[in-house]
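Breakdown of the fold
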Amino acid sequence: MLEAKARWMLPETHDSASAQLAEELQLHPLIARLMSARGIGQIEQARHFLYGGIEQFHDPFLMKGMREAAARITLAVSRGEKIRIYGDYDADGISSTTLMDGLMKALGADYDTYIPHRIHEGYGMNRDALDLAKSCGVSLIVTVDTGISAREEIAYARELGMDVVVTDHHEPPELLPDAAAVVNPKQPDCPYPCKELAGVGVAFKLAHAVLGEIPLQWLELAAIGTVADLMPLIDENRLIVKLGLTQMRSTSNLGIRALLDIAGVDRQAVNETHIGFSLAPRINASGRMNHASLAVRLLTTANVQEAELLALELDTLNKERQKIVEEIMREALARMSGQNPADKRIIVVSGSGWSVGVVGIVASKLLEKYYRPVLVLAVDPETGLAKGSARSIPGFDMYRALTECADLLDHYGGHQAAAGLTLSSDRLPELEKRLEQFAQAWLTEEHLTPVIRADMACSLADTPLTCIEQLAQLAPFGNGNPAPRFVFEGLRISEKRTMGREQQHLKLLLAEAQAETAASMEAIGFNYGSSSQMIAPTSSIDVLGELSVNEWNGARKPQIVIQDMRISGVQVFDWRGTRAGGSGRGPALPEGCGLLLFEPDGQAGIREEWRRGAPVWTVDGTGLPVPQNAAAEQADYAKLKDLVLYSLPPYQEWLEEALARLGDIRRIYAVFADANTEWGGLLPDRESFKNLYGLLAKQGRLQTGDERIWPALKKRLDLSKQAALLILGVFEELGFAVRDGVGYAFVRSPAKRELTESTLYLRQSNRERMEQLYIYSTASELTEILLAALARSTDAPNDRLATGAAREH
């Protein structure tokens, strides 16, 4: 068994519209099914989704406050008033500020831009910044990506004689600021159709209203902010990003060109992923590590050399940011080392001197690792103030929880999934206590298991290269329009290997299980390399993943990018022939894995690192596992999830009884090393027993300590050393001979006994059968045999060992 990392959710699909959709729009049937499942089942609706252009942009004046905002800006320009664009320090705020900079230039306005310092000023408007604006002769402030909650600050601006036009996209408070105009599609009585615009999307619509035409020249800026702020890529957002990416592939913006170059992104192939993981982090690094004005300068410069230098500076800042995140992450994990995160439903961690600019990233990483709500706070050692970021999971409304703790907080804001907060560090214990109480009340165990939503289950045959190529028509992908994910069930593993510099990635060749000639496809699991040892090649595997085209040396092949995988039932790993003993390299045991031997003296051959770290059991004459070391004494055999069958069982019943004692076994590792090689593999015939008995009776003693005896026996009786030792061992057990320090002495007038009364004889006579089953079988045959034995062991009563026990006694 291999457990999935998350719960897989598949929607109920209604396939009634997909056939007509496929025929009308010339779509692959799977693409049509996918669109229909996502609620895009009408012909015209699907046509607009796939092929829509600028005609789908909404009238900007549908947005409440837009007419007043456009009029006030136009008036300020005509009067020659000094305008200040007041932005925010994240990628959305920076791209919004840059877009408005372009608008002001196009209008010939007297203007400048201002973004507060993340650490020294914090988020949003503040009185010092307003005083500065007044001293600079500003009479109109236009906010972008901020301002909707700045009621007191805007009132103060009015006292200073300045008007404020607010453009924002954050959730409006109950009382809106008394501004010259408030533009936000989320205002309760705003009829604008697209409510989920980014801050830069609202700025884009403002530019559209002021200019009287769609400002296509700034689509790429709008795309950056929309993707960076994780807006749902539907309606106008989809259009902005789709058209913006097209523009970016031949961009004339020197800053964007320089950023793409420094990030190593091919401009002709740029997509939404490059914005999210290459451009946005570098733009954000300016606000996190220095000042956001650096990124605004980059995106507005007309000088190639300056663009290259600024792009290099942002790239350097981003690398520094990554190092700081790693350092804080290590410190946070160290602070949590004394506690088990699984015992708590919320994680609160703080550190003195941590960078406020990156604690949100650390919070996101901790949430990804533990899948719990997380608060990470940086404590200022001089003021004692703790400033931090919170990230949450579905089921725990972080903003609501912080609101319940408002009496402890100096400032806070955010929404269900993310928030920022400031409080005195001495109040952190009480905050953590209250939040844990809320988490215990609100979150169930189901909430604490991640969920991956897939679009549909299908077969490999359903997804040829032509289908995967058509998937690109559904892009750009992101929130609201995720990259399609598919579930493939019951696949055979034809090949398995790890790859990458540190073997951190997993590559599988998967095939339909029904037939050898069925469709096959490669699958790549990034950072799944460690899972390789948990996957038996003979297992049937389910994979949830995205489909892509792998291009290599001019060849194009379909490929699954693994998001999660699972294997149901017990897995059997064929470790026969591995270097399980001695000191050479061999497979590492999984944590908590046990070793089972069927020979009490078989431990000598076990690898030292195995014997030292793993619990070891041997099976007694009734088939019961008996602990052989301290680790086994402390462990519960019945609760083992991983077990190595180290030596060959003498009887099938012993093996089945040992398997029956396992309650939740997931993986069985078959080594079947021959611990007792003294007797060899084959049982000598009765004539050989008779001949050696005669020789022993005649001579009275055989000096087996003298190595010269073995060639003589071989020549005289055609017996190998192993066969002769086996026969002598049987004679000793039956009382026909006595072993002393130098050999075997004949017993005169022994009691008459049958060979079958000897345990050694019985074991050796059964050995050939056991070897055929467990040594000479193929990996697939071994898997079937062991799984059948396990099934019998769970079905049969515990007294089934009567046969085996009788043989021994």
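Overview of the structure. Counting from 1, residues in each chain are numbered in the order their sequence is written. Owing to the predicted nature of the model, reporting of local features is limited to residues with pLDDT of at least 70; listing and counting of side-chain atom pairs is limited to 80 or more, with chain, interface and lining totals taken over all residues. Just so you know, side-chain values use all the structure's heavy atoms and leave hydrogens and water out.

1. Section: the environment of Ala76
Strands here mean DSSP runs of E at least two residues long; helices mean DSSP runs of H or I at least four residues long; both are numbered from the N terminus. Residue placement: Ala76 occurs in helix H4 (residues 66-79). Ala76 sits 34 residues away from Asp110 along the chain, and the two C-alpha atoms are 8.9 Å apart. Between two residues, a contact is recorded if the distance between any of their heavy atoms is within 4.5 Å. Leaving out residues up to four positions away in the same chain, Ala76 has contacts with Glu81, Ile83 and Leu140.

2. What about the pairing of strand E10 (residues 411-414)?
The pairing of E10 with strand E11 (residues 418-424) spans 4 bridges and is classified as antiparallel. Looking across to E11, one finds that Gly413 is bridged to Gly420. Paired strands are those between which DSSP finds at least two bridges. What sits between E10 and E11 in their antiparallel hairpin is a turn of 3 residues.

3. A word on helix H17 (residues 428-442)
Helix span, expected: 1.5 Å multiplied by one less than the number of residues in the helix. In a regular helix each residue adds 1.5 Å, so 15 residues correspond to 21 Å; H17 covers 21 Å between its end C-alpha atoms and thus fits that length. Listing the buried residues of H17 in full gives Leu428, Leu431, Arg434, Leu435, Glu436, Phe438, Ala439 and Trp442. Buried residues belonging to H17 abut strand E7 (347-352), strand E8 (374-379), strand E9 (385-391), helix H16 (398-404) and E11. Whether a residue is buried, partly exposed or exposed follows from its accessible area with a 1.4 Å probe, protein chains only, as a fraction of its type maximum: under 20%, in between, or over 50%, in that order.

4. Notes on the packing of aromatic side chains
Aromatic pairing here means that ring centres of Phe, Tyr or Trp (its six-membered ring) are within 6.5 Å. Orientation follows from the plane angle: under 30 degrees is stacked, over 60 is edge-to-face, and everything else is tilted. Summed over the entire model, instances satisfying the criterion amount to 16 aromatic pairs. Aromatic side chains Trp575 and Tyr669 sit 4.6 Å apart centroid to centroid with 45° between the ring planes, which places their arrangement in the tilted category. Of the two residues, Trp575 is situated in the loop between strand E19 (571-574) and strand E20 (594-597) and Tyr669 in strand E24 (residues 667-673); the sequence distance between them amounts to 94 residues. A relative accessible area of 11% places Trp575 in the buried class. When the centroid spacing of 5.9 Å and the interplanar angle of 50° are considered together, the rings of Phe731 and Phe736 count as tilted. A single burial state applies to Phe731 and to Phe736, both of which are buried. Put simply, a charge is over a ring when the Lys NZ or the Arg CZ is close to the ring centre, within 6 Å, and near the line of the ring normal, within 35 degrees. The ring of Tyr528 is capped by Lys5, whose NZ or CZ atom sits 4.0 Å from the centre of that ring. Lying over the aromatic face of Tyr156, Arg127 brings its terminal NZ or CZ to 4.3 Å of the ring centre.

5. Comments concerning the sheet that holds strand E3 (residues 110-114)
The strand order across the open sheet formed by 5 strands is E3-E2-E4-E5-E6, and the pairing between neighbours is parallel. Unpaired on one side and paired on the other, E3 and strand E6 (181-183) mark the two borders of the sheet. Strand-to-strand, the axes of this sheet are offset by a mean angle of 20°, without reference to chain direction. Inspection of the sheet shows strand E5 (residues 163-167) paired to E6 by 3 bridges, in the parallel sense. Across the sheet, Val166 pairs through a bridge with Val182, a residue of E6. Each axis is a line fitted through C-alpha atoms, taken for helices only over the stretch in contact, and angles between the N-to-C directions span 0 to 180 degrees.

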